[in-house]
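Structural overview for review
Each chain is listed here by its residues.
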Amino acid sequence: MKKIDVHVHLGSDPLILREGRKVIGEEVTVSNLIKDMNDNDVEKVVILAFDIPGHEVKDEEIYSLSKKFSNKFIPCACVNPMKYKDFGVEKVSALKNFK
């Protein structure tokens, strides 16, 4: 059976950081993500950008990685509605141009 992880972020997740120290996990890099995927028989991951101040991983970076590792990564844009006055309308419109 194929396994697909539908929610993965690169970088350090602020939800697992407390007082500047990691509580669980580690920083997610492309190399350790692929290793974890291989170790756990995960065929693909839906990889999301991070749009949280201090932890940004840009949509453009996710898109670029999804092209480079198209057999492993499915890109997903991230729109932080708290950051965009028009609920991210301009950003969503810009993302439509990705091909």
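Reading the values: rules and limits
Residues numbered from 1 in each chain as written. Predicted model: local features only at pLDDT ≥ 70, side-chain atom pairs only at ≥ 80, totals over all residues. Heavy atoms only, no water. Buried < 20%, exposed > 50% of the residue type's maximum accessible area, 1.4 Å probe, protein only. Helix = DSSP H or I, 4+ residues; strand = E, 2+ residues; numbered from the N terminus. Pairing = 2+ DSSP bridges. Arc of directions from axis to C-beta. Phe/Tyr/Trp six-rings, centres within 6.5 Å; stacked < 30°, edge-to-face > 60°.

Once that is clear, we can look at the pairing of strand β4 (residues 44-48). In terms of burial, β4 is largely enclosed, as 4 of its 5 residues are buried. As defined by bridge partners, β4 adjoins strand β5 (residues 73-76) across 4 bridges and the pair is classed as parallel. Its bridge partner being in β5, Ile47 is matched across the sheet by Pro75.

All right, on to helix α2 (residues 59-68) then. Those residues of α2 lying buried are Asp59, Ile62, Tyr63, Leu65 and Ser66. Angularly, the buried residues of α2 cover 165° about the axis, an arc narrow enough to put them on a single face.

Below, the discussion takes up the packing of aromatic side chains. Here the distance between the centres and the angle between the planes together describe a pair of aromatic rings. Applying the stated criterion across every chain yields a total of 1 aromatic pair. Ring geometry for Phe69 and Phe73: centres 5.4 Å apart, planes at 50°, overall tilted. Phe69 gets classed as buried once you look at its relative accessible area, which sits at 19%. We classify Phe73 as buried; its relative accessible area is 2%.

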